[in-house]
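Chain by chain, the residues run as shown.
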4 protein chains.
Amino acid sequence: MALAIICSGGDAPGMNPAIKKFVDYVYKRGETPYFIYDGLEGMIDGKIKYAHHEDVAGILHNGGAIIGSSRSKRFYEKRYREQAYRNLQDHDIDGVVVLGGDGSYNAFEVLGREFPVNFVGIPTTIDNDIYGTEYCLGVDTALNVIRWAVDNIRDTASTFKRAFVVETMGRECGYLAAVTGLSSGAEICVIPEMNFNKNVAAHFLKKDLAEGRGYILAIVAEGTKMTQNIKEWLEEDIGVETRVTVLGHIQRGGNPTVHDRMMAFEFTVRAVDLLLANTGIRKAISYRNGEFVPMDISEVNNGKYTIPANILRDLHFLD
Amino acid sequence: MALAIICSGGDAPGMNPAIKKFVDYVYKRGETPYFIYDGLEGMIDGKIKYAHHEDVAGILHNGGAIIGSSRSKRFYEKRYREQAYRNLQDHDIDGVVVLGGDGSYNAFEVLGREFPVNFVGIPTTIDNDIYGTEYCLGVDTALNVIRWAVDNIRDTASTFKRAFVVETMGRECGYLAAVTGLSSGAEICVIPEMNFNKNVAAHFLKKDLAEGRGYILAIVAEGTKMTQNIKEWLEEDIGVETRVTVLGHIQRGGNPTVHDRMMAFEFTVRAVDLLLANTGIRKAISYRNGEFVPMDISEVNNGKYTIPANILRDLHFLD
Amino acid sequence: MALAIICSGGDAPGMNPAIKKFVDYVYKRGETPYFIYDGLEGMIDGKIKYAHHEDVAGILHNGGAIIGSSRSKRFYEKRYREQAYRNLQDHDIDGVVVLGGDGSYNAFEVLGREFPVNFVGIPTTIDNDIYGTEYCLGVDTALNVIRWAVDNIRDTASTFKRAFVVETMGRECGYLAAVTGLSSGAEICVIPEMNFNKNVAAHFLKKDLAEGRGYILAIVAEGTKMTQNIKEWLEEDIGVETRVTVLGHIQRGGNPTVHDRMMAFEFTVRAVDLLLANTGIRKAISYRNGEFVPMDISEVNNGKYTIPANILRDLHFLD
Amino acid sequence: MALAIICSGGDAPGMNPAIKKFVDYVYKRGETPYFIYDGLEGMIDGKIKYAHHEDVAGILHNGGAIIGSSRSKRFYEKRYREQAYRNLQDHDIDGVVVLGGDGSYNAFEVLGREFPVNFVGIPTTIDNDIYGTEYCLGVDTALNVIRWAVDNIRDTASTFKRAFVVETMGRECGYLAAVTGLSSGAEICVIPEMNFNKNVAAHFLKKDLAEGRGYILAIVAEGTKMTQNIKEWLEEDIGVETRVTVLGHIQRGGNPTVHDRMMAFEFTVRAVDLLLANTGIRKAISYRNGEFVPMDISEVNNGKYTIPANILRDLHFLD
């Protein structure tokens, strides 16, 4: 059988370990691995190539994805989806491993309804916002990159009486900001999932500052669009000079952590096994309670991820 | 109630986040936190002090343990254990959170049989060798420190035709070496749990080298005492110049990863909750299948940790 | 004799190694070291304390400054400067080592004209914008922090066709941005010292993109206030999706590099030697052509730093 | 004109930035760049290829050397040197830039006496042991890798009463160990250039330990072959449990620091300029007093590097 792997949407650390495992494991199973380059755009344009062992040598510790990725507007049109399907047929691809987030999952669900394409998705996004899975590939690396940045700021923060606002990624999901807030001991954490009560926060911050608090650290999720607002509030209402750091794509880069490598291996082996054992398969693999569970792609796409209750609860530190 | 925290045996990253959470959370629960300094030695010598919020400010990102740790020969004698118990009584300590490995667990099991000491253990050792739990605090940080070192060696390895032997910690348990072997794509991995078949390995390595392999990476667990042996075998039998790196205590240090911080928080909250809700408690908290489970200390101490079967299976890459 | 050390203005990595060397070396010379806490504000408020060996144990690898720093509006008023001078007298301080940038140098020049205060400045600012010296303490660490961030972005950049704008610190001096631009191989570098010709740049970028260039990296110095402008130009005129990273105070933090530690030692020994050998001294130490040279503070303050010509010349890569 | 670049002997961080600059700058000067792959061995075997811009894209942040390196026994025989010379002639190579240490310098000096080969050496070795230059490419990166490792050990050291021995590279030159000893505040530093007086050291260490010193850090240069000896002395004579770390090739790897990148650029531009402006040139570029100075290769090879006196003097901290 011939299996292909594709990266779709925003890249995430862990893609390269998954790509390497895909090639090695498909060969080990006696089958034939293919790459689809440059995401959905490349699938439409027929950028599909046979994968060699040498292609994946020495890539475990690189961020990004050696086969590229993309977002595709053309894929919204049926004629381009048909073209993509034909390209898979031309290379006799029997199944596709999809590394991507919810946008990519939706794209493949549509494709799979229209054409007999077998695929298994691996949740891959630093936003950690996919329903049904506790973990998305790339999150651990992103969290540790943010940790490094925040710890650097702490160094300088303790020298001055100041506030620091750090904006993390996360459009609709505040997972990165929430876990960073907890694990860095931030004083303020602003995420889309929670209302940030400035009055309550101001009360406690002013009390702390009066008692000698040295500095204030605020973690703000990009999706709240509150970064500038929080900065101004800290300067005007709380009365401390405030500096902003916008981490941006630093968070997507970097050497994948051991956790992301091991999870990439686990996800990939299961995705390949599923494709080799089944036809008519349109699944995504979810990780929950320590287990890897295949779910129907439609179930995943119809659900909405929520941050674990215990994390949200612990964030109410200012109430 | 008054609760104390103690670090015992080898230190591990994640101790400081656990110590911070302990102080913050015991206060939050309305109770009184104490530190036992310098491990069992300090408990014998009465180094027990009331803990303040300020003591734990800004320690989340430090390796080591601000309250110190120790190994204690005196604790093997009953008169010193009694002395330790009297010290706890003198400070009206109602329960102790124990951060340590199997040696520390054994020490407290003995103490608990002789005296009415309530305690809950948190598995804390980079060796990851405690029965009943899938995860011990500090392991994730140690693995990522090793990753950094191995990736550095890869850089230079690809320039030369050479072999590199990296010795990781792990006396009786090869967990660190095994996971490093897999996640770094090492060609050789030698651990106490598996017999390393030199003949088979030599066959494959020579074939690879003949086909153009650039370099060889071997991960060896300290406990096998095979580091020098593997070096000589690579030079004499395989015929490649070989260099050795002994990581040593680098692996115990470093800024705790986000995973180790979050796990430290989870373990600590549960340990405190258990102690506040029970008397006559002599437990350790284990993590398995995504859940935190209290186990009787005797059950933990009587079992023997084994590396997960799937990790061992994947290591048979040369067979 | 009694010598004091003060940190003034923005903090920089290397301050702690300088503080440690100051204490150790003043003792070695048989004299008495003092700390002035919290910068000029602390000097006004009399926060001056005797320094012990233990105060500086284990601080070599910490960013920030253990004695704090500040900017001071009060110091612009003579009555507060007089108050600061009286505080120095009260502690019988014979000379002050000043770690700071041009603002701090100016403050001490004024103080020294009004009162018989002996001082020697050590150029300490990640902006590297002090006249007369090729190197300011903290620059090497800041450059390597930026390097780390930019290399992380490169990882993800090569996966996508995109542009990335990274804003570095530097109000009036583009040194950090310029050296980052060169050492990271950026396509665009925008600094206050040079006019950025968009037409010329657009011509070359469009040609490169047409020939297959994968991504564009732009380094922009904060002081140009062009970050948003360059982002919009890249999206609208060049036609590539563009993401922004604002590094902010990450650049001030972090473990001082070996170079910053060694330079801190060299600067500090010379500053102490100068103060012990002279009275009526109002100098700053400059580093040029591999030598440490004392300069009159007025000469330093009257000059204007310019980026070395060869760096500016190499930045004309788009012309 | 056609110029080639070769890496010879042990690799060092900074080789890739030099290789990239070489290709870019030779093109900029309107000439033709070539690679000699796999060092002297490759030169003997005719592994010489035309270099393209694309070959050096994205390599600035990689350790190692993309064109490989080697040590060569064959090169000691004249017939192989002649063969190497013929290969250069076959590709019409007019000059060679040599990245290497003293072994490579010697090899080229011999070659240049026998055949009309133009070459300019760039001092490239983490040992920093080449006569006439204050700086060898790769040293700054190696020092910062060691710093990271030592700072990690400090974390754990402060938890326990223990001694730690860290072995750095350096066969005949203790530069890395000496600078590490100073910049990390180590208690002991053992290098080939100095006699380590155990009696004196024991006197001071025992006094410190009695006064409460928490731990001991010893830096030992590989070339002294004293690592095991110092460990045993610390355990038996000083009476503290001691752990050993052998850094090995970690020190050669890693992302080149900004300093090594900038120095690589400076060295390379000067080497190319020299080759383009002269014939019959057999030089090496030295860095001293802030300047880059061409020296006759024979002068460099006849001298012996010594560690700067001020570094050695500061290391007498135990006397």
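Here is what the cut-offs are and how they apply
Residues numbered from 1 in each chain as written. Chains lettered and ligands numbered in written order. Predicted model: local features only at pLDDT ≥ 70, side-chain atom pairs only at ≥ 80, totals over all residues. Helix = DSSP H or I, 4+ residues; strand = E, 2+ residues; numbered from the N terminus. Rg over C-alpha atoms; globule rule 2.2 N^0.38 Å. Buried ≥ 20, exposed ≤ 12 C-beta atoms within 10 Å, placed from the backbone. Contact = placed C-beta atoms within 7 Å. Least-squares fit on C-alpha atoms with pLDDT ≥ 70 in both. Pairing = 2+ DSSP bridges. Axes fitted to C-alpha atoms, helices over the stretch in contact; angles between N-to-C directions. Nonpolar A, V, L, I, M, F, W, Y, C, P; charged D, E, K, R; others polar. Core = buried A, V, L, I, M, F, W, Y, C linked by C-beta atoms within 7 Å. Domains from an automatic or database assignment. Expected span 1.5 Å × (residues − 1). pLDDT = per-residue confidence, 0-100.

(A) Up close: the overall build of chain A. From N to C terminus, chain A includes eleven helices and eleven strands. Taken over C-alpha atoms, the radius of gyration comes to 22 Å for chain A, in line with the 20 Å a tight globule of 319 residues would show. Dimensions of chain A along its principal axes, counting C-alpha atoms only, are 70 × 35 × 35 Å. Every one of the 319 residues in chain A was classed for burial, and the buried ones make up 58%. In chain A, 77% of the contacts between residues at least 6 apart in sequence involve partners at least 24 apart.

(B) Broad picture of the relation of the copies chain C and chain A. Once chain C is rotated about the relating axis by 180 degrees and shifted along it by 0.0 Å, it coincides with chain A to within an RMSD of 0.0 Å. Interpreted geometrically, this transformation is the action of a two-fold axis. Residue Val246 of chain C, judged by its C-alpha, is the member of chain C lying nearest the rotation axis, at 2.4 Å. Both copies share a contact surface, since 100% of the interface residues of chain C are interface residues in chain A too.

(C) Layout of the sheet that holds strand 3 (residues 48-50) of chain D. All names here are of chain D. Read across the sheet, seven strands follow the order 3-2-1-4-5-10-11 without closing on themselves; strand pairing throughout is mixed. Looking at strand neighbours, the two that pair on one side only are strand 3 and strand 11 (291-296), the edges of this open sheet. Neighbour-to-neighbour, the strand axes of the sheet open up by a mean angle of 25 degrees, direction not taken into account. Bridging between strand 10 (residues 282-288) and strand 11 involves six bridges; their strand directions are antiparallel. Paired with Ser286 across the bridge in strand 11 is Val293. Here helix 1 (residues 15-28) sits on the sheet and contacts strand 1 (2-7), strand 2 (32-36), strand 4 (95-100) and strand 5 (119-123); the angle it forms with strand 2, its principal contact strand, is near 150 degrees. Where helix 4 (residues 102-114) meets the sheet, its contacts fall on strand 4, strand 5 and strand 10, and the angle it forms with strand 4 comes to roughly 155 degrees.

(D) Spatial organisation of the interface of chain D and chain C. Residue-level contacts link 22 residues of chain D with 22 residues of chain C. Looking at the side of chain D that touches chain C, the elements that each hand over two or more residues are helix 5 (139-157), helix 6 (175-184) and helix 9 (258-277) of chain D. Looking at the side of chain D that touches chain C, the element that brings in the most residues is helix 5 of chain D, giving six residues. Of the residues contributing to the side of chain D that touches chain C, the split by class is five nonpolar, twelve polar and five charged.

(E) Expanded view of the relation of the copies chain D and chain C. Superposing chain D onto chain C takes a rotation of 180 degrees plus a shift of 0.0 Å along the axis, which leaves an RMSD of 0.0 Å. Comparing interface residues between copies, 100% of those in chain D also sit at the interface in chain C, which points to an isologous, same-surface contact.

(F) Up close: the interface of chain C and chain A. Between chain C and chain A, the residue contacts involve 28 residues of the former and 28 residues of the latter. Those elements that provide at least two residues to the side of chain C that touches chain A are helix 5 (139-157) and strand 9 (242-246) of chain C. The biggest single contributor to the side of chain C that touches chain A is helix 5 of chain C, with six residues. Across the side of chain C that touches chain A, the residue classes tally to ten nonpolar, 14 polar and four charged.

(G) Structural detail: unusual backbone geometry. The phi torsion at Asn289 of chain B lies on the positive side, around 50 degrees, for a residue other than glycine. Topologically, Asn289 of chain B is positioned in the loop between strand 10 (282-288) and strand 11 (291-296). Phi is positive for Asn128 of chain D, close to 55 degrees, though the residue is something other than glycine. If you trace the backbone, Asn128 of chain D turns up in the loop between strand 5 and helix 5. Judged by the 27 C-beta atoms lying within 10 Å of it, Asn128 of chain D falls in the buried class.

(H) Region of interest: the pairing of strand 6 (residues 162-168) of chain A. All names here are of chain A. The element strand 6 is largely enclosed, with a buried count of six among its seven residues. Looking at chain direction, strand 6 and strand 9 (residues 242-246) are connected through five bridges and run parallel. The partner of Glu167 across the bridge, within strand 9, is Val246.

(I) Summary view of the sheet that holds strand 10 (residues 282-288) of chain C. Residues and elements named next belong to chain C. Reading across from one edge, 3-2-1-4-5-10-11 is the order of the seven strands in this open sheet, with mixed pairing throughout. The sheet terminates laterally at strand 3 (48-50) and strand 11 (291-296), the two strands that pair on one side only. For this sheet, the mean angle separating the axes of adjacent strands, direction not counted, is 25 degrees. As paired elements, strand 2 (residues 32-36) and strand 3 share three bridges and run antiparallel to each other. For Tyr34, the partnering residue across the bridge sits in strand 3 and is Tyr50. Each of strand 1 (2-7), strand 2, strand 4 (95-100) and strand 5 (119-123) touches helix 1 (residues 15-28); the most contacted strand, strand 2, lies at about 150 degrees to it. The sheet contacts of helix 9 (residues 258-277) involve strand 1, strand 4, strand 5, strand 10 and strand 11, and relative to strand 5 the element is tilted by about 165 degrees.

(J) Fine view of the nonpolar core. Ranked by internal contacts, the top residues of the largest apolar core, which has 202 residues, are Ala4, Val97 and Ala218 of chain B together with Ala4, Val97 and Ala218 of chain D. If near-sequence neighbours (up to four positions away) are discounted, Ala218 of chain D is found in contact with Ala163, Phe164, Val165, Ala186, Glu187, Ile188, Val190, Ile230 and Leu234 of chain D. Listed in part, the 201 residues of the second largest apolar core include Val139 and Ile297 of chain A together with Phe22 and Met169 of chain C.

(K) Spatial organisation of the environment of Ile36 of chain D. Residue and element names in this part refer to chain D. For Ile36, the position within the fold is in strand 2. Taking the C-alpha atoms as reference points, Ile36 and Ser69, separated by 33 residues in sequence, lie 9.2 Å from one another. Apart from the residues lying within four places of it in its own chain, the contact partners of Ile36 are Ala4, Ile5, Ile6, Gly42, Met43, Lys47 and Ile48.

(L) Local environment of the domain arrangement of chain A. All names here are of chain A. Each assigned domain of chain A is listed with its residue range as follows: domain 1 (2-138 + 256-302) and domain 2 (140-252). Across the contact, 14 residues belong to domain 1 and 13 residues belong to domain 2. Considering only residue class, the side of domain 1 that touches domain 2 consists of four nonpolar, six polar and four charged.

(M) A look at helix 5 (residues 139-157) of chain A. End to end, helix 5 of chain A covers 26 Å across 19 residues, agreeing with the expected 27 Å (1.5 Å per residue, within 8%). Extensive coverage of helix 5 of chain A is indicated by the burial of 18 of its 19 residues.

(N) How the structure looks around the arrangement of the chains. Regarding chain B and chain C, which are not in contact, the minimum distance between any of their C-alpha atoms is 11 Å. Taking C-alpha atoms as the reference, chain A and chain D come no closer than 11 Å and do not contact one another.

(O) The confidence of the model for chain A, seen in detail. Scored by pLDDT, chain A comes out at a mean of 94, with 99% of its residues at no less than 70. With pTM at 0.95, the complex prediction returns an ipTM value of 0.94.

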